[in-house]
Amino acid sequence: MPGLAESSRSEIAALEEVAKIGGASGLASFKVTEAGLTSSLGKFFRAEQLASLREESGAKPGDLILLVADSFDVACSSLGRLRLHLGEKLGMIDAALHHLLWVTDFPLLEWDKEEKRVGGDAPPVHRAGRRGPPAAFDGSREGPRQGVRHGAERFGDRGGSIRIHRKDVQSRMFDLLNIGPEDARVKFGFLLEALEFGAPPHGGIAFGLDRLAMLFSGAKSLRDVIAFPKTQKATCLMTEAPSGVDVKQLRELSIRVTAPEKK
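As a starting point, this report considers the structure included with it.

This brings us to the overall build of the protein. Each helix and strand counted, the protein has 7 helices and 6 strands in total. The order of α-helices and β-strands along the protein, N terminus first, is α-β-β-α-β-α-β-β-β-α-α-α-α. For the protein, the proportion of its 263 residues judged to be buried stands at 27%. Across the protein, the fraction of contacts at a sequence separation of at least 24, relative to all contacts at a separation of at least 6, is 59%. When the accessible area of the protein is evaluated, it comes to approximately 18500 Å², of which 55% is carbon and sulfur surface.

Before going further, it helps to examine helix α3 (residues 72-89). An α-helix turns once per 3.6 residues; consequently, residues spaced three or four apart project the same way. The end-to-end C-alpha distance of α3 is 25 Å, a good match for the 26 Å that 18 residues give at a rise of 1.5 Å each. Within the span of α3, buried status applies to Val74, Ala75, Ser78, Leu82, Leu86 and Gly87. Buried residues along α3 sit against α1 (9-21) and β3 (64-67). Following α3 by one or two positions, Gly91 adopts a phi angle in the positive range, close to 70°.

Counting residues in hydrophobic clusters, the biggest one holds 12 residues: Leu4, Leu15, Val18, Ala19, Ala24, Leu27, Leu64, Leu66, Val68, Ala75, Leu82 and Leu86. Elements that contribute at least two residues to this core include exactly α1, β3 and α3. Leave out the neighbours within four places in its chain, and Val18 touches Arg81, Leu82 and His85. One finds Ala28, Phe30, Val32 and Leu37 within the second-largest nonpolar core, a separate group that totals 8 residues.

Definitions and limits used
- Residues numbered from 1 in each chain as written.
- Predicted model: local features only at pLDDT ≥ 70, side-chain atom pairs only at ≥ 80, totals over all residues.
- Heavy atoms only, no water.
- Helix = DSSP H or I, 4+ residues; strand = E, 2+ residues; numbered from the N terminus.
- Buried < 20%, exposed > 50% of the residue type's maximum accessible area, 1.4 Å probe, protein only.
- Contact = heavy atoms within 4.5 Å.
- Areas by Shrake-Rupley, 256 points an atom, 1.4 Å probe, with all protein chains shown as cover.
- Expected span 1.5 Å × (residues − 1).
- Core = buried A, V, L, I, M, F, W, Y, C linked by side-chain atoms within 4.5 Å.

In structure tokens, the structure reads:
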């Protein structure tokens with residue numbers, strides 16, 4: 001980061017907290033001076049390594065180099081959050097510019113370290129032996145698409161792909177998610193049975209018009225661009241919802257409501 005070499009310990013500690021949101025366990029920092037790099041971690045690096053670090057980063061005297069040592073995904077997530085945080089804090093993001101792009105090879109699945117099951121490098125689920133969109137999210141270049149503006153999703157949720165509409169493909173997806181045949185039958189039997197009747201291929205993409213209105217207008221919250229927004233307590237000021245339910249309605253549905261015990 002240019003010009004941040006004189007950052008205080010508390011300021012760097014605050015940046016470390018931002019990096020941790022992305023999964024990093026810590027944040028290494030190197031101040032760039034005329035004599036080279038200075039850091040409490042400098043003793044763990046050889047002189048040629050420090051010189052290479054400065055050269056690769058393109059840092060100049062007065063700059064601050066920030067590093068994360070972790071897996072590729074964690075490092076990208078952590079440093080990406082840090083980059084956006086500092087870009088906004090230092091006024092380096094031009095709000096008048098709108099950079100839009102399509103991500104065309106978005107993976108469907110990611111590795112879950114806690115569950116220890118399939119991730120973004122999962123093998124293709126279904127290629128259908130032909131050109132054109134696959135019948136399932138398979139992480140291929142023909143698969144999910146996502147509209148992005150300034151580094152954040154804007155259009156749909158990995159939309160633009162053909163949804164799963166075949167039982168064998170859906171079963172393969174359950175296998176990837178470690179959902180056995182019996183669990184799949186109990187939890188999703190209705191879906192598998194429905195697919196046997198020949199669900200038509202279908203796909204699409206959803207535009208978040210309210211979010212786009214917020215971004216292009218420079219608003220900070222969706223509530224600023226929605227006609228009748230919900231409050232932070234999820235209540236609607238126009239309809240006064242949610243409201244109380246008539247006892248008769250509860251009785252028809254066999255629902256009993258009990259007040260919490262007073263402490």
